[in-house]
Amino acid sequence: MANIDPETVVDIIDWNTFGQILEMDDDEDDREFSRSIVWNFFEQAENTFTQMDAALTNEDLDQLSSLGHFLKGSSAALGLTKVKNSCEKIQHLGAQKDEVGTTELNDPEYCLKQIKIILESVRQEYAESESFLRKYYDSEGSN
């Protein structure tokens with residue numbers, strides 16, 4: 001395993017969850033299986049961000065909620081905690097609920113404004129996660 005201390009990346013990744021993905025690799029030296037999952041996630045995330053931009057432009061809260069839900073699930077499966085949490089907020093706001101999903105807001109303008117702010121933040125969280133994962137696989141010797 002790479003010389004990465006799980007304690008130093010705890011706010012980026014849930015090591016227990018990510019470790020379960022790593023356990024599925026047949027070969028710890030090449031990590032082909034887990035690497036393919038992670039690289040597919042990168043593609044999905046980039047496509048989802050593009051779709052979120054379009055939905056935000058179109059003020060389509062239902063689509064934003066759906067896309068937030070989708071990316072929340074994908075990021076949760078890899079243990080990307082920050083990304084998952086922000087996507088969950090987008091999901092709730094897209095459904096015109098508060099960020100935790102407990103209170104109806106019925107204020108589309110407010111929800112769109114909040115989603116725009118969170119979308120900027122989740123992009124940075126994603127970039128941080130992507131950077132960590134690419135470095136992890138580089139240190140593993142996988143390309």
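Please read these numbers as outputs of a predicted model, since none were measured by experiment.

1. What to know about the UniProt feature "domain: HPt" (unreviewed entry) in the protein
Link 1 in the chain: Annotation from UniProt places "domain: HPt" (unreviewed entry) at residues 30-136.
Link 2 in the chain: For the annotated span residues 30-136, helix accounts for 81% and strand for 0% of the residues, and the straight-line distance between the end C-alpha atoms is 12 Å.

2. Focus on the nonpolar core
Link 1 in the chain: By size, the foremost hydrophobic cluster in this structure holds 35 residues, and its most contacted members are Ile13, Phe18, Phe41, Phe49, Leu64 and Leu133.
Link 2 in the chain: Listed by contribution, the elements that provide at least two residues to this core are helix H1 (15-22), helix H2 (32-57), helix H3 (61-78), helix H4 (81-94) and helix H5 (108-139).
Link 3 in the chain: For this core, the leading source of residues is H5, giving 11 residues.

3. Examining the confidence of the model for the protein
When pLDDT drops low, the exact placement of atoms in the prediction is not to be read closely.
Link 1 in the chain: The share of residues in the protein with pLDDT of 70 or more is 90%, and the mean pLDDT across the chain is 91.
Link 2 in the chain: Within the protein, no element has a lower average pLDDT than H1, which sits at 94, and none a higher one than H3, at 98.

4. Describing the UniProt feature "modified residue: Phosphohistidine" (unreviewed entry) in the protein
Link 1 in the chain: Mapped onto this numbering, the UniProt entry gives "modified residue: Phosphohistidine" (unreviewed entry) at His69.
Link 2 in the chain: The topology assignment puts His69 in helix H3.

5. Quick word on the pattern of salt bridges
Link 1 in the chain: For the structure on display, the rule yields 6 salt bridges.
Link 2 in the chain: Taking the shortest distance from any N to any O, the salt bridge between Arg134 and Glu130 comes out at 3.0 Å. Here Arg134 pairs with Glu130, and both are found in helix H5, just 4 residues apart, close to one helical turn.
Link 3 in the chain: Assessed through its relative accessible area of 18%, Glu130 is described here as buried.
Link 4 in the chain: By sharing partners, the salt bridges in this structure join Asp25, Glu28 and Arg31 into a single network.

6. Quick notes on unusual backbone geometry
If a residue is not glycine, its phi is most likely negative; likewise, a peptide bond is most likely trans.
Link 1 in the chain: Notably, Glu59 is not glycine yet its phi reads approximately 55°, a positive angle.
Link 2 in the chain: Given a relative accessible area of 57%, Glu59 falls into the exposed group.
Link 3 in the chain: One non-glycine residue with positive phi stands out, namely Gln96, at about 60°.
Link 4 in the chain: Relative to the helices and strands, Gln96 is located in the loop between H4 and H5.

What counts and how
Residues numbered from 1 in each chain as written. Predicted model: local features only at pLDDT ≥ 70, side-chain atom pairs only at ≥ 80, totals over all residues. Heavy atoms only, no water. UniProt positions renumbered as here; feature names shortened; annotations may be inferred. Helix = DSSP H or I, 4+ residues; strand = E, 2+ residues; numbered from the N terminus. Core = buried A, V, L, I, M, F, W, Y, C linked by side-chain atoms within 4.5 Å. Buried < 20%, exposed > 50% of the residue type's maximum accessible area, 1.4 Å probe, protein only. pLDDT = per-residue confidence, 0-100. Salt bridge = Lys/Arg side-chain N within 4 Å of Asp/Glu carboxyl O.

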